[in-house]
Amino acid sequence: MTLLHDLTEDLGTFRKALPHVVLENAIPLLIGLVAYAVVASYVRRRNMPPGPHGLPFIGNKHQVPSIKPWRKFAEWNKQYGPIFSLHLGSTPVIVLGTAQAAWDLLEKRSDIYSSRPRFVVAGEILSDNMRGLMLPYGEGWRKWRKVLHSGLHSRRAEDYKEMQSLECIVLLHELLTDPANYERHLQRFAASVATTLTYGRRVDSADEWIVKENMEAMDYLTSVNIPGKYLVESWPWLLKLPRPLQWFRPEPEEHRQRDIALLTHLLDDVKKRMADGTAPDCLTAQTVNEQAKNGLSDLEIAYTVSSPFGAGIETTAGTLCILFLAMLHYPDVMRKAQEELDRVVGQDRLPDYHDCENLPYLNALINETLRWRPIAILGGTPHAVTTDDVYQGMYIPKGSTVFANFAGIMHDPEMFPNPDEFRPERFLETDDPRLRDFELPFGFGRRICVGMHLARNSLYISVARIIWAFDILPARDEHGGEILPDRWDFTNGFNSKPVSFRCIVKPRTVRATECIQREWESAKEHLGKWESAKEHLGKWQS
Ligand code: HEM
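Because the structure is predicted, anything quoted here is derived from the model rather than measured.

Engineer: Describe the sheet that holds strand β3 (residues 383–384), with residues and values.
Structural biologist: Taken together, four strands build an open sheet; the order of strands is β1-β2-β6-β3 and the sheet is mixed. Of all the strands in the sheet, just β1 (83–88) and β3 have a single pairing partner and so form its edges. Direction of pairing for β3 relative to strand β6 (residues 401–404): antiparallel, over a ladder of two bridges. Within β6, the residue paired with H383 across the bridge is V402. Where helix α3 (residues 99–107) meets the sheet, its contacts fall on β1, β2 (91–96), β3 and β6, and the angle it forms with β6 comes to roughly 140°.

Listed below in structure tokens is the structure:
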């Protein structure tokens, strides 16, 4: 009895003392932990690349403008050097401002710099991890990339040249007959190349449903991918809430169903034509034929083959718009390229692929267009590093988001003296093989643009023929004065292109006009082998 009584009493005393003991010890422990975390983070931060000071919890979020952040990044690169760091919330961000830094990390250390940051809404909820561009480095991405590589590698890209050449003749005819809408024609050209290579169906107008539906899907994807728009991007644990409480989910999930319906419909159309033997050679048919070997589900194929749509149209059409802008500001460059074309090609036929190696100035002009105002202004989709790393004594923590800021890289005065000047000669005067090849605008390492060869072929044929056939001249005001568009007025977004501007697109000679008319008549016949998307798919309703 006494023992039991003593025990109960002890327990009571212990219970009473417990909160006190806990409080007495826990508070210093907590303070110790916080202090340790602060000091550790300070030490780690101190060893990271230099950068602007941020605030607790939000880091540098308040200092990074939501409009054209690449300009601020380029300023910080000037201030802090070729590599600086900042924090967006708790995520470390590394910004590379020279090609050398980008090559050193994203290419030479490609094994650890080829992942992507987590895209919770755009990549996981909206796309169910089916869009490889946003997938982290790993098995899923490898499978996706293999399919695209086998359909777009340099030798395979040769197969599409005939189609690109014919689509380019249509473009020339559109510029001849409706020059005011040049921007829409450039878009149609890029879209038709994408749909023909993917689904074996071409488009006659940028207004066609297949283009519009895909563009809407892409616009929605871009609109959810804005940093800071969704709390769940910074606090992914919100995904553990019961589904009905995940308020951010219903809208992107609804869009996912629309995307699936569209992409499956396009896949089924190719499969139907494969069954009746009428499908032309295209990426989808090739992927369906190799389905068992690649181990992909139908849905995975449907998403994978749609990649040229998301990544290949705005980039190609936007780069051509940049060419138009540059020609308005640098008419002497245009004249010099025209002289070369006249000398090599003459005036009675269109330039063709086989002329390419005899047109060094024109090739340099294309490189300069990609450099002067790079369309993928932040280096495309950012990379992420998968293990802790040290570069030139600076600590780069695992999980950092890494941007190759093309706004700074392409205007680095050491590599490109007088960077704002549009001067194709810089590519002819250099001995640096990396500038002669100039893969830089297409990204880095294992993530380098998989459509690069196709894009180069589209750019070459269209730039050569447009410059050969037309003068691109400033629009005139009512007094006959030239209206020159602002050379810095560009859109906000991962693909930054010139804000629409007016210009005059005028055939250079009667012979050029006649040549386009002639070539167009014959191109119409040859294009017949790719059925139009409008006639055969128009019944699809979203
Ligand atoms: C002027 C035209 C183009 C430019 C300047 C361009 C540029 C880029 C850049 C900078 C990247 C990011 C690379 C990196 O993360 O390091 C990229 C990725 C990509 N591009 Fe392009 N691109 C163009 C056209 C195309 C075309 C025509 C296609 C498809 C037919 C395409 C498909 C892709 C894909 C699928 C990726 C993602 C690769 C991956 O995450 O593994 N691009 N592009």
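Engineer: Break down the site of the ligand for me, with residues and values.
Structural biologist: With respect to spatial proximity, 28 residues lie near the ligand, and among them G312, G380, G443, C449 and G451 are the closest. Secondary structure elements with two or more residues in the shell around the ligand: α5 (139–152), α15 (307–329) and α21 (452–469). Of all the elements, α15 adds the most residues to the shell around the ligand, at seven residues. Of the residues contributing to the shell around the ligand, the split by class is 15 nonpolar, 11 polar and two charged.

Engineer: Report on the environment of R511, specifying residues and quantitative values.
Structural biologist: Mapped onto the secondary structure, R511 falls in helix α22 (residues 510–527). Between the C-alpha atom of R511 and that of A469, which follows or precedes it by 42 residues, the distance is 9.1 Å. When near neighbours in sequence (up to four residues on either side) are disregarded, R511 contacts Q347 and D348.

Engineer: Tell me about the sheet that holds strand β8 (residues 482–483), and name the residues and values.
Structural biologist: The strand order across the open sheet built from three strands is β8-β7-β9, with neighbouring strands paired in antiparallel fashion. Edge positions in the open sheet fall to β8 and β9 (503–507), since each of these has one partner strand only. Alignment of strand β7 (residues 470–476) against β8, held across two bridges, turns out to be antiparallel. Across the sheet, A475 pairs through a bridge with I483, a residue of β8. Of the strands in this sheet, β7 and β9 are in contact with α15, which crosses β7 at around 75°.

Engineer: Account for the pairing of β7, naming residues and giving values.
Structural biologist: Taken together, the five bridges between β7 and β9 define a ladder with antiparallel strand orientation. Note on β9: the bridge partner recorded for I472 is V505. Hairpin connection of β7 to β8: five residues between the antiparallel strands, including G480 at a positive phi of 85°.

Calculation rules
- Residues numbered from 1 in each chain as written.
- Predicted model: local features only at pLDDT ≥ 70, side-chain atom pairs only at ≥ 80, totals over all residues.
- Pairing = 2+ DSSP bridges.
- Helix = DSSP H or I, 4+ residues; strand = E, 2+ residues; numbered from the N terminus.
- Contact = placed C-beta atoms within 7 Å.
- Axes fitted to C-alpha atoms, helices over the stretch in contact; angles between N-to-C directions.
- Near = placed C-beta within 6 Å.
- Nonpolar A, V, L, I, M, F, W, Y, C, P; charged D, E, K, R; others polar.

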